[in-house]
Amino acid sequence: MQKYYKIVTFGCQMNVHESEKIAGTLESLGYKATEIDEQADVVVFNTCCVREAAEQKALGNIGKFKPIKKQKKDMIIAVCGCMVQQEKRAEQIYKTFPFVNIVFGTHNSYKFKEYLESVLNKKQKRVYQVVKEDPCLPLEVESFRTSGANAWVNIMYGCNNFCTYCIVPYVRGREKSRPMEEIVSECKKLVENGYKEITLLGQNVNSYGNTFNNGKNNFAELLKEVDKIEGNFVIKFLTSHPKDLSEEVVKVIANSKHISHMIHLPVQCGNNRLLKLMNRNYTVEHYLNTIDMIKKHIPDVNLSTDIIVGFPTETEEDFEDTLNLLKKVQYNTVFGFIYSKRSGTPADKMEGHIPLDIKRKRVNKLLALQREIEKEKLKRFLGQTIKVLMTDRKEGKVFGKTDCGINVIIENVQEFKVDFVNVKINEIKNTKLIGEIV
Ligand code: 5AD
Ligand code: SF4
């Protein structure tokens, strides 16, 4: 009889890709994916803890499975990911959700198959495995890819930066780079298998190769090697740190065949006092110089950023500095976040936490400003014909994106397939470009 699985993923692209690895394990055991809760024989919650809201959402979702499991007693429920790597949270989940069978952290997620089999074979009723970091790279698990045109590829794990607001270095451990040859060969296979977009993943891709077993290669070299792969595809990467993004990397992008002219460069805020408190290790001036350098080499660059509003002690004037930075840089996309207290991080213990209503007002103001900037910026595409990768068809509409990540709705598609097409842009609607194939 066919068995089914459901994976519920919270958080970043790293987690999305990790869920593809969990799916890979389940598919190899003969399971098929389902969206229907009651149909699932195995349910996996892959959690995030970067902000409190993500944790609450996961806890709420897990709780909802209590009555479902009551009806389907042999359903296996597993909880993993960043939230679980915090010991107190893991214990809380194990104790308050007795219907959860398997609890495991980020450092041993590659052992999911072993844990599942142990429960399936009734060797153990419940598995609880939250371990300290291993000194070596995690074993790579075959992915069952679900992200359509795009394939994610880990180039490194962990983070050494310890920004004072951020929980990631505590739950993901130290930076570890995968060997370059392994990454290049994975990318080659993906292109051969028809993927049109490859996104290289790391918490701080610019320090690729600095740490761990592979000090001989840096990010610029890795990009050059991946760019040499033959085929019709785009290379993207996430995430860059402004203190480490070098001119060498920017030049490689500018001179490349396949690398997208899209750079996500989180600034977090536009005020030097706060940047210091955040332990970001750059100033606003350094950041703006980097932006100028990028625009010099890549005039059509598409920039995006992350902003945290309401970091402890942020005044109205400090916040205005961030708004001014947005006006100066003219990003295409801004991801604005309300500062969220994370237990165990230095910022949590700082004085001067900002009330939620003020944080909300600030984030709304930030996003309203960005919407205006974005609309203005998109106008340059009106009447232009641009290369677009068709990615999805949903509810009769075809969606795509440009090489540098701008969303496009394509209106006259006869036959949909994931591929590049030339699209003439006729209209802008809610920060989306609308056009037709020419
Ligand atoms: N509160 C709010 N946002 C946060 N981020 C990281 N930690 C926190 C926090 N405690 C944001 C940063 C980072 C993005 C992935 O999440 O902007 O770049
Ligand atoms: Fe968190 Fe800073 Fe590392 Fe990004 S660079 S994951 S914000 S500690």
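So, how was this worked out
Residues numbered from 1 in each chain as written. Chains lettered and ligands numbered in written order. Predicted model: local features only at pLDDT ≥ 70, side-chain atom pairs only at ≥ 80, totals over all residues. Heavy atoms only, no water. Domains from an automatic or database assignment. Contact = heavy atoms within 4.5 Å. Buried area = accessible area lost by both parts, 1.4 Å probe. Salt bridge = Lys/Arg side-chain N within 4 Å of Asp/Glu carboxyl O. Buried < 20%, exposed > 50% of the residue type's maximum accessible area, 1.4 Å probe, protein only. Pairing = 2+ DSSP bridges. Helix = DSSP H or I, 4+ residues; strand = E, 2+ residues; numbered from the N terminus. Axes fitted to C-alpha atoms, helices over the stretch in contact; angles between N-to-C directions. Parallel < 35°, antiparallel > 145°, perpendicular 65-115°, else oblique. Left-handed = near helix turned anticlockwise from the far one by under 90°. Phe/Tyr/Trp six-rings, centres within 6.5 Å; stacked < 30°, edge-to-face > 60°. Near = heavy atom within 4 Å. Polar contact = N/O pair within 3.5 Å; in protein donor to acceptor, adjacent residues only side chain to side chain. Areas by Shrake-Rupley, 256 points an atom, 1.4 Å probe, with all protein chains shown as cover. Core = buried A, V, L, I, M, F, W, Y, C linked by side-chain atoms within 4.5 Å. Expected span 1.5 Å × (residues − 1).

S.K.: Help me out: how do you make sense of the domain arrangement of the chain in this one?
M.R.: Accessible area lost upon the coming together of the parts is a frequently used measure of interface size. Per the domain assignment, the segments making up the chain are domain 1 (4-129), domain 2 (147-260), domain 3 (293-381) and domain 4 (382-437). Counting residues at the interface gives twelve residues for domain 2 and 15 residues for domain 3. For the domain 2 and domain 3 pair, buried surface summed over both sides reaches about 1,100 Å², with 75% attributable to carbon and sulfur atoms. Of all residues in domain 2, Thr 164, Tyr 165 and Val 250 give up the largest surface area on contact with domain 3, accounting jointly for 49% of the area buried on that side. Seen at the junction of domain 2 and domain 3, the total is one salt bridge. Salt-bridge contacts for Glu 247 lead to Lys 296; the nearest nitrogen and oxygen are separated by 3.8 Å.

S.K.: Would you mind going over the pattern of salt bridges with me for this structure?
M.R.: A side chain of one charge can pair with a side chain of the opposite charge if their charged atoms are brought near each other. As enumerated under the stated definition, the model contains 27 salt bridges in all. Salt-bridge contacts for Arg 178 lead to Glu 186; the nearest nitrogen and oxygen are separated by 2.9 Å. Assigned by exposure class, Arg 178 and Glu 186 land together as buried. Taken together, the shared-partner salt bridges in this structure form one network comprising Lys 21, Glu 140, Arg 145, Arg 178, Glu 182 and Glu 186.

S.K.: For this particular structure, what's the right way to read the sheet that holds strand S19 (residues 432-437)?
M.R.: Hydrogen bonds between backbone atoms are what pair the strands of a sheet, whose relative direction is either parallel or antiparallel. Strands sit in the order S15-S16-S17-S19-S18 around a closed barrel of five strands; the barrel is mixed. Averaged over neighbouring strand pairs, the angle between their axes works out to 50 degrees when direction is ignored.

S.K.: Hey, could you run me through the packing of helix H1 (residues 13-28) against helix H5 (residues 112-120) in this one?
M.R.: Between two packed helices, the angle of one axis relative to the other and the distance separating the axes together describe the packing. Taken N-terminus to C-terminus, the directions of H1 and H5 make an angle of 45 degrees; their axes are 10 Å apart at the nearest point. Looking at the two axes, H1 sits oblique to H5. Note on packing geometry: the crossing formed by H1 with H5 is right-handed. For the pair H1 and H5, the contacting residues are Ile 22, Thr 25 and Leu 26 in the first and Phe 112, Lys 113 and Leu 116 in the second.

S.K.: Please clarify how the packing of aromatic side chains should be interpreted in this entry.
M.R.: Centre distance and the angle of the planes are the two values used to describe a pair of aromatic rings. As enumerated under the stated definition, the model contains ten aromatic pairs in all. Centre to centre, the rings of Phe 162 and Tyr 170 are 5.3 Å apart; their planes meet at 80 degrees, and the pair counts as edge-to-face. Judged by its relative accessible area of 38%, Tyr 170 falls in the partly exposed class. Where Phe 219 meets Phe 237, the ring centres are 5.2 Å apart and the plane angle is 75 degrees; that geometry is what we call edge-to-face. In this pair, Phe 219 sits in helix H8 (residues 219-227) while Phe 237 sits in strand S11 (residues 234-238), placing the two residues 18 residues apart along the sequence.

S.K.: Whenever I open this one, the side chain of Thr 345 confuses me. Can you help?
M.R.: Of note, Thr 345 is situated in the loop between strand S14 (333-338) and helix H13 (356-378). For Thr 345, a relative accessible area of 0% translates into the label buried. What Thr 345 contacts, discounting residues up to four positions off in sequence, is Thr 164, Tyr 165, Cys 166, Ile 167 and Tyr 170.

S.K.: Sorry if this is basic, but what is going on with the sheet that holds strand S7 (residues 150-154) here?
M.R.: What the three strands build is an open sheet, ordered S7-S10-S11; its pairing is parallel. Every other strand in the sheet has two partners, leaving S7 and S11 as the edge strands with one partner each. Averaged over all neighbouring strand pairs, the angle between strand axes comes to 25 degrees, with direction disregarded. Inspection of the sheet shows strand S10 (residues 197-201) paired to S11 by five bridges, in the parallel sense. From the neighbouring strand, Ile 198 faces S11, where its bridge partner is Ile 235.

S.K.: Just checking my understanding: could you explain the pairing of S7 for this structure?
M.R.: Looking along a regular strand, one sees side chains alternate from face to face of the sheet. Of all five residues in S7, five are buried, a share of seventy percent or more. Alternating residues of S7 divide into Asn 150, Trp 152 and Asn 154 and Ala 151 and Val 153, and every residue in both groups is buried. In terms of strand pairing, S7 meets S10 through five bridges, oriented parallel. Counted as the bridge partner of Asn 154 is Leu 201 from S10.

S.K.: For this particular structure, what's the right way to read the site of ligand 1?
M.R.: Inspection of the region around ligand 1 gives Val 50, Arg 51, Tyr 165, Gln 268, Asp 306, Ile 308, Phe 337, Ile 338, Tyr 339, Ser 340 and Arg 342 as its neighbouring residues. Interatomic distance of 2.7 Å between a side-chain N/O atom of Asp 306 and an oxygen atom of ligand 1. Starting from 400 Å² of accessible surface for ligand 1 in isolation, the protein chains cover 85%. Residue assignment for the shell around ligand 1 shows that the elements contributing at least two residues are strand S13 (302-309) and S14.

S.K.: Just to check I follow, could you spell out the nonpolar core for this structure?
M.R.: For soluble globular proteins, nonpolar side chains are generally found buried alongside one another. With 69 residues, the main nonpolar core has Leu 200, Phe 219 and Leu 222 as its most contacted residues. A domain split of this core shows at least three residues from each of domain 2 (147-260) and domain 3 (293-381). Once residues lying within four places of it in the same chain are set aside, the contact partners of Phe 219 are Ile 155, Leu 200, Val 205, Asn 206, Tyr 208, Phe 237 and Val 249. Membership of the second largest hydrophobic core comes to 28 residues, among which are Val 8, Cys 49, Leu 59 and Val 100.

S.K.: Explanation requested: the pairing of strand S3 (residues 42-47) in the structure shown.
M.R.: Of all six residues that make up S3, six are buried, and the element is covered over most of its length. Pairing analysis gives five bridges linking strand S1 (residues 4-9) to S3, with the strands arranged parallel. Across the sheet, Lys 6 pairs through a bridge with Val 43, a residue of S3. Sheet analysis places S3 next to strand S4 (residues 76-81), joined by six bridges and oriented parallel. Note on S4: the bridge partner recorded for Val 42 is Ile 76.

S.K.: Explain helix H11 (residues 284-297) to me, please; I cannot follow it from the model alone.
M.R.: Helical geometry: 3.6 residues make up each α-helical turn, so side chains three or four residues apart lie on a common side. Helix length check: H11 (14 residues) gives 20 Å between terminal C-alpha atoms against 20 Å at 1.5 Å per residue, within 8%. Within H11 the residues assigned to the buried category are Val 284, Tyr 287, Leu 288, Thr 290, Ile 291, Met 293 and Ile 294. Where H11 is buried, its residues meet helix H9 (247-254), strand S12 (262-264), helix H10 (272-277), S13 and helix H12 (316-329).

S.K.: For this particular structure, what's the right way to read unusual backbone geometry?
M.R.: What is expected of a backbone is that most residues other than glycine have negative phi and most peptide bonds are trans. Here the amide bond leading from Leu 238 into Thr 239 is cis, since omega sits at -10 degrees, within 30 degrees of zero. Its location among the elements puts Thr 239 in the loop between S11 and H9. At Asn 279, a residue that is not glycine, the phi angle is positive and equals roughly 60 degrees. With respect to the helices and strands, Asn 279 occurs in the loop between H10 and H11.

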